Protein chains: 4
Amino acid sequence: MRFERDKTLHFQHCDPAGIIFYPQYFVLFHELMEEWFTAALNTPYGEYIRVQRLGVPAVKIEAEFLTQAFLGDTLRLGLICERLGTSSLTLAVDVHGGDACRARGKITVVQMSLESRRAVAFDSALRVRMERFLHAPI
Amino acid sequence: MRFERDKTLHFQHCDPAGIIFYPQYFVLFHELMEEWFTAALNTPYGEYIRVQRLGVPAVKIEAEFLTQAFLGDTLRLGLICERLGTSSLTLAVDVHGGDACRARGKITVVQMSLESRRAVAFDSALRVRMERFLHAPI
Amino acid sequence: MRFERDKTLHFQHCDPAGIIFYPQYFVLFHELMEEWFTAALNTPYGEYIRVQRLGVPAVKIEAEFLTQAFLGDTLRLGLICERLGTSSLTLAVDVHGGDACRARGKITVVQMSLESRRAVAFDSALRVRMERFLHAPI
Amino acid sequence: MRFERDKTLHFQHCDPAGIIFYPQYFVLFHELMEEWFTAALNTPYGEYIRVQRLGVPAVKIEAEFLTQAFLGDTLRLGLICERLGTSSLTLAVDVHGGDACRARGKITVVQMSLESRRAVAFDSALRVRMERFLHAPI
């Protein structure tokens, strides 16, 4: 399975060159991950942070920005899981606009307790839901 | 008439106190204005900036933040026109979450040519569409 | 007394019109307030939030943006206290670039416990230091 | 040679988990690159964009976030050139706080005309200045 959302590039995303300022791609990727937690993993992201006191800080990022995206463009962002560890997760995201792939990236996050600041294993219910998004699980 | 959109508070909007960082309210207000241009004024905001080479920088702002809004909250943002001048426009915006008004503000913008950097009168077609959102037009 | 810092407009502050995106002015005002706490009030802002578990969310804002400021401009931001209440504080800030005043604003904040989410009176030592920045104290 | 700047983590950089929100690392990396252009390459970044109408959008990013950095932390950011092509440049950046390396990354940018939207070779004077920051030039 694949999780998708359309997002429009707003003024705040764009730079004096008139195109998306690349750190804003990571803001959009994070927004997509939050929506995935809320809509697809049965784990509303606000409660996850504020009530469960868990978080998923990034530890590793790779991204390529292939063709420029402009103010007002509507982009389709997609997400799959590439690797699911005990407390870590690698997400692969891509961004399409028109027929072109504009950007793609891989983000590895680790589930952390916001209290102890230590890694915490994903519980089994959450893991089962994440596994549905594993690409080509073997 | 009134223009409304629902927006969810994401991680990027919130601060170490767990609530919306107030400059992000203005980012959301701007997003709402862009969507109003695109969806209600028949003026896609990306083209307005990039093709028409016009813009609407803010010259004056007032806002009150009444009750806190938290990560994951879905807020309803509304916009009306309070005053429409030759090249200036005052928008009144409010933000509701649950039953409470969380924030409200007034933003005065001036239409500017991005080439000459001077104020430019709204053309009559755009003005007619804006007038429909004038609150209590007399 | 007046607290001042010079700040250069970076890419992240500027929009497709090539000028500062106005919500970024509020980010700069907040940065100035943090530096004022740390450098002038003997209250390192990071400890204030993280150890003392206090915060100063804004409840009211007014600002005027008078002349445009561009990418690469170095601006001088200044801050004074306009009113000091039991738990509230109104700051007046201004922004100069070259000989011109580019922007000015007033921001009212309330000291809040991040635990109880309630207003908390400024302690007397902090108040004494803030008073030195009161404009025309009577 | 190596280009360094100290930067303090402000409220706008930090998230509800109290640590830097990782897209903000890329904002800081970009700020560092702008300062490098202005202070070390004799190419004030504002003029580079606004007058020369050139830009350096990122095409590829890799980063690792090794240990958490908190609100109020002062971090030392360093930059060297890892590879210098005709119109492309790979920068290696690292972030130290206390004795620990908090983050490191590699960013490949391409010099682009903001008018034609095409890659443009670095001129020889700029290239000579960039070469001084090439790590272990052979």
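For the structure, check the block above.
Residues numbered from 1 in each chain as written. Chains lettered and ligands numbered in written order. Predicted model: local features only at pLDDT ≥ 70, side-chain atom pairs only at ≥ 80, totals over all residues. Heavy atoms only, no water.

Right, let's talk about the overall build of chain A for a bit. Along its length, chain A carries 3 helices and 7 strands. Each helix (α) and strand (β) of chain A, taken in turn from the N terminus, gives the series β-α-α-β-β-β-β-β-β-α. For 138 residues, the compact-globule estimate of 2.2 N^0.38 gives 14 Å, and chain A sits close to it at 15 Å. Expressed along its principal axes, the backbone C-alpha trace of chain A runs to roughly 45 × 35 × 25 Å. Taken over 138 residues, chain A has a buried fraction of 59%. Considering only contacts within chain A whose residues lie at least 6 apart along the sequence, 65% involve residues at least 24 apart. Accessible surface, chain A: about 5,700 Å² in total, of which carbon and sulfur atoms supply 49%. Computing the positive centroid from 16 side-chain charges and the negative centroid from 16, chain A places the two 6 Å apart. (Helix = DSSP H or I, 4+ residues; strand = E, 2+ residues; numbered from the N terminus. Rg over C-alpha atoms; globule rule 2.2 N^0.38 Å. Buried < 20%, exposed > 50% of the residue type's maximum accessible area, 1.4 Å probe, protein only. Contact = heavy atoms within 4.5 Å. Areas by Shrake-Rupley, 256 points an atom, 1.4 Å probe, with all protein chains shown as cover. Lys, Arg positive; Asp, Glu negative; His and termini not counted. Charge placed at Lys NZ, Arg CZ, Asp CG, Glu CD.)

Time to look at the interface of chain A and chain D. Between chain A and chain D, the contact holds 25 residues from the first and 25 residues from the second. Looking only at chain A, the three residues that lose the most surface to chain D are A:Tyr22, A:Ile61 and A:Arg117, adding up to 24% of its buried area. Taken together, the links from chain A to chain D amount to 0 salt bridges. Taken together, the links from chain A to chain D amount to 6 residue pairs in polar contact (both at pLDDT 80 or more). Of all the secondary-structure elements, those providing two or more residues to the side of chain A that touches chain D are helix H1 (23-40) and strand E3 (58-65) of chain A. Counting residues per element, the side of chain A that touches chain D draws most heavily on E3(A), at 8 residues. In this structure, E3(A) lies alongside strand E3 (residues 58-65) of chain D, joined through 5 bridges in antiparallel fashion. When the sheet's bridge partners are listed, A:Ile61 is paired in E3(D) with D:Ala63. (Buried area = accessible area lost by both parts, 1.4 Å probe. Salt bridge = Lys/Arg side-chain N within 4 Å of Asp/Glu carboxyl O. Polar contact = N/O pair within 3.5 Å; in protein donor to acceptor, adjacent residues only side chain to side chain. Pairing = 2+ DSSP bridges.)

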